[in-house]
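# A look at the structure
Chain by chain, the residues:
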Amino acid sequence: MLQSHFQVTCPCCRSCNLKSFYKQDSVPVNSVVVIENRNHALSYPEGDIELFGCEQCGFVNNQHFDPDLVTYDDSYEEPQGFSSTFQKYQSDLAEELISTCDIRNKYVVEIGCGKGEFLNAICSLGNNRGLGYDPVFDPIRISLPTNVVVKKTMFDSNESLENADLVCCIMTLEHVFRITELIADIRTSIGDSATKLYFQVPNAERIFNLGAFHDIYYEHCSYFTENSLRQLFSHTGFKVIEISQRYQGQYLGLLAEPTTKADNDIAYRPNYPSQPLATWGANLIQKREAMNNIISESKQNGESIALWGGGSKAVSLLNILNQPTWIDIVIDINPRKHNTFLPGTGHKVVNVDYLINNNIGLLIIMNPIYEIEIQNQISSMNIPLPRILSLN
Ligand SMILES: [Zn+2]
């Protein structure tokens, strides 16, 4: 049954052309939690996904999403900063925003700042003051300068953003179901200030055109194309300065500023999204079946199979496979994940040293952007490279 908050109107472009195109029942409601007991992992709470897409602007959301099922607390282990590739991306982004928005000796607010790595970078590199909001923040994990403060809570729309020169919200909006309310609240909190906004979300067009089923998981209830992101901000009192593809097209970065003109700068694109919703659904199913076939063939050849990356993509993949037990092990470079178990299927996460004593025939890399970094790491251990498959 659909939740009571079922939407008939697109929250981005306000058209009524929403159609269901993909379903996935019984998936873990959190995918990056640290679970130390395998039985707890196996009995982790589940929810259902039914993706509805807007035929007008390409926005997609899970209409079965129930925010009360998702918990953001100290067990939430989302950092990607153990990868040098990601660290470089993050500090390059901080430098870029400092330069393009002239954020030096200024005040930066980050909504959904996670463990505070990006806020720390943009404040340190630009000599800025900073305020972050995130219930998963852990003060023991990071040493912040005295002019950077993080509140271990969700952003409270009653708090003023009038003094903020830059408001960032990076990889957070996709976790929000009531997106219009959040962006409208931010607009009200900014008031008449000349605050700049930087928002970053996964690029939905890439996910659905590629059929990247492993990029769909319960916490991500909202999926944005470039056009839907533009519509959302244009309808809530912002002028969109730029939307750019980032991280090899995996992310969309939006730069905006407040405006008093109503519904400005809305560029409707006919026949958007670029593929019909039915094709998006078919892409996801086709890629899923192809993955099942690859794993089945590898197993028939007697290979051991490992995943590299114990984050949300791995949890999504494992919980969708016909035979998840055919994946033997999950490797992750985040030491906090070692010897923990993934929700749903209970797969164990281990250190990369596992490859020294165990013969892995097929190594599935959950994000192609890390392939070179991973190959270099394995080569530095003087062990032969297994057959590698990077999942797009
Ligand atoms: Zn729409």
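Residues numbered from 1 in each chain as written. Predicted model: local features only at pLDDT ≥ 70, side-chain atom pairs only at ≥ 80, totals over all residues. Heavy atoms only, no water.

### A short note on the coordination of the zinc ion
Coordination sphere of the zinc ion, protein contribution only: Cys10 (SG), Cys13 (SG), Cys54 (SG) and Cys57 (SG), at 2.3 to 2.4 Å. Coordination at the zinc ion comes from 4 donor atoms whose angles at the metal span 101 to 113°, giving a geometry best classed as tetrahedral. Here the donor residues of the zinc ion share one chain and are spaced in sequence as C-x2-C-x40-C-x2-C. One end of the pair, cysteine 13, is in the segment before β1 (18–28); the other, cysteine 54, is in strand β2 (residues 46–54), and 41 residues separate them in sequence. Comparing cysteine 13 with cysteine 54 shows no difference in burial state: the two are buried. (Donors = N, O, S within 2.8 Å, 3.2 Å for Na, K, Ca; no water. Tetrahedral: all angles 85-135°; square planar, octahedral: opposite > 155°, others 65-115°. Helix = DSSP H or I, 4+ residues; strand = E, 2+ residues; numbered from the N terminus. Buried < 20%, exposed > 50% of the residue type's maximum accessible area, 1.4 Å probe, protein only.)

### Regarding the domain arrangement of the protein
In terms of domains, the protein is made up of domain 1 (1–293) and domain 2 (294–390). Spacing between the C-alpha centres of domain 1 and domain 2 amounts to 27 Å. Listed per partner, the contact involves 39 residues of domain 1 and 35 residues of domain 2. At the boundary of domain 1 with domain 2, total buried surface from both sides reaches about 3100 Å², with 56% on carbon and sulfur atoms. (Domains from an automatic or database assignment. Contact = heavy atoms within 4.5 Å. Buried area = accessible area lost by both parts, 1.4 Å probe.)

### Re unusual backbone geometry
Phi angles above zero are rare outside glycine, and aspartate 102 is one such case at about 55°. Note that aspartate 102 resides in the loop between α2 (84–100) and β4 (107–111). For aspartate 102, a relative accessible area of 42% gives the class partly exposed. Located in the positive-phi region is asparagine 127, a residue other than glycine, with phi close to 50°. Checked against the element boundaries, asparagine 127 lands in the loop between α3 (117–126) and β5 (129–133).

### Some words on the pairing of strand β8 (residues 196–202)
Judged by how many residues are buried, β8 sits mostly within the fold: 6 of 7 residues are covered. Inspection of the sheet shows strand β7 (residues 166–170) paired to β8 by 5 bridges, in the parallel sense. Residue pairing across strands places isoleucine 170 opposite glutamine 200, the latter belonging to β8. Considered for its hand, the β-α-β crossover made up of β7, helix α4 (residues 179–190) and β8 is right-handed. (Pairing = 2+ DSSP bridges. Right-handed = clockwise from strand over helix to strand, strands pointing away.)

### Quick word on the packing of aromatic side chains
Following the criterion strictly, the structure yields 17 aromatic pairs and no others. With 5.3 Å between their ring centres and 35° between their planes, phenylalanine 65 and tyrosine 218 make a pair best called tilted. With phenylalanine 65 in the loop between β3 (60–62) and α2 and tyrosine 218 in the loop between α5 (204–210) and β9 (222–223), the pair connects residues that are 153 residues apart, well separated along the chain. Aromatic ring contacts, followed pair by pair, group Phe86, Tyr89, Tyr247, Tyr251 and Tyr370 into a single cluster. Seen from the ring of tyrosine 107, arginine 129 lies directly overhead, with NZ or CZ sitting 4.3 Å from the centre. (Phe/Tyr/Trp six-rings, centres within 6.5 Å; stacked < 30°, edge-to-face > 60°. Lys NZ or Arg CZ within 6 Å of the ring centre and 35° of its normal.)

### Thoughts on the sheet that holds β3
In sheet architecture, strand pairing relies on hydrogen bonds along the backbone and comes in two forms, parallel and antiparallel. Strand order in the open sheet made by the 4 strands is β1-β2-β3-β9, with antiparallel pairing throughout. At either margin of the open sheet sits one strand with a lone partner, and together these are β1 and β9. Here 2 bridges tie β3 to β9, and the two strands are oriented antiparallel to one another. The partner of asparagine 61 across the bridge, within β9, is serine 222. On top of the sheet, helix α7 (residues 277–300) reaches β1, β2 and β3; it is set at about 30° to β1, its chief contact. (Axes fitted to C-alpha atoms, helices over the stretch in contact; angles between N-to-C directions.)

### Overview of the pairing of β5
Each regular strand shows side chains that alternate between the opposite faces of the sheet. Counting buried residues along β5, 4 of its 5 residues qualify, which places the element largely inside the surrounding structure. Pairing of β4 with β5 involves 5 bridges; the strand directions are parallel. When the sheet's bridge partners are listed, isoleucine 111 is paired in β5 with tyrosine 133. Crossover connection from β4 via α3 to parallel β5: handedness right-handed. By the bridge criterion, 4 bridges tie β5 to strand β6 (residues 148–151) in an arrangement that is parallel. Note that in β6 the partner of tyrosine 133 across the bridge is lysine 151.

### Observations regarding the sheet that holds β8
The strand order β6-β5-β4-β7-β8-β11-β10 describes an open sheet built from 7 strands, whose pairing is mixed. The open sheet has two edge strands, β6 and β10 (238–246), and neither has a second partner. Strand-to-strand twist in this sheet, taken as the mean axis angle between neighbours without regard to direction, amounts to 15°. Pairing between β8 and strand β11 (residues 251–258): 6 bridges, direction antiparallel. Looking at β11, one finds that glutamine 200 is bridged to glycine 253. Against the sheet, α2 engages β7, β8, β10 and β11, with an angle of about 155° to β8.

### Concerning the environment of proline 79
Within the secondary structure, proline 79 sits in the loop between β3 and α2. For the pair proline 79 and valine 330, spaced 251 residues apart in the sequence, the C-alpha separation amounts to 17 Å. Ignoring any residue separated from it by four or fewer positions in sequence, one finds proline 79 in contact with Lys115, Glu117, Arg141 and Asn334.

### So, α3
Burial within α3 is extensive, with 7 of its 10 residues counted as buried. Listed as buried for α3 are Phe118, Leu119, Asn120, Ala121, Ile122, Cys123 and Gly126. On the buried face of α3, the contacting elements are α2, β4, β5, β6 and β7. Just downstream of α3 lies asparagine 127, where phi reads positive at about 50°.

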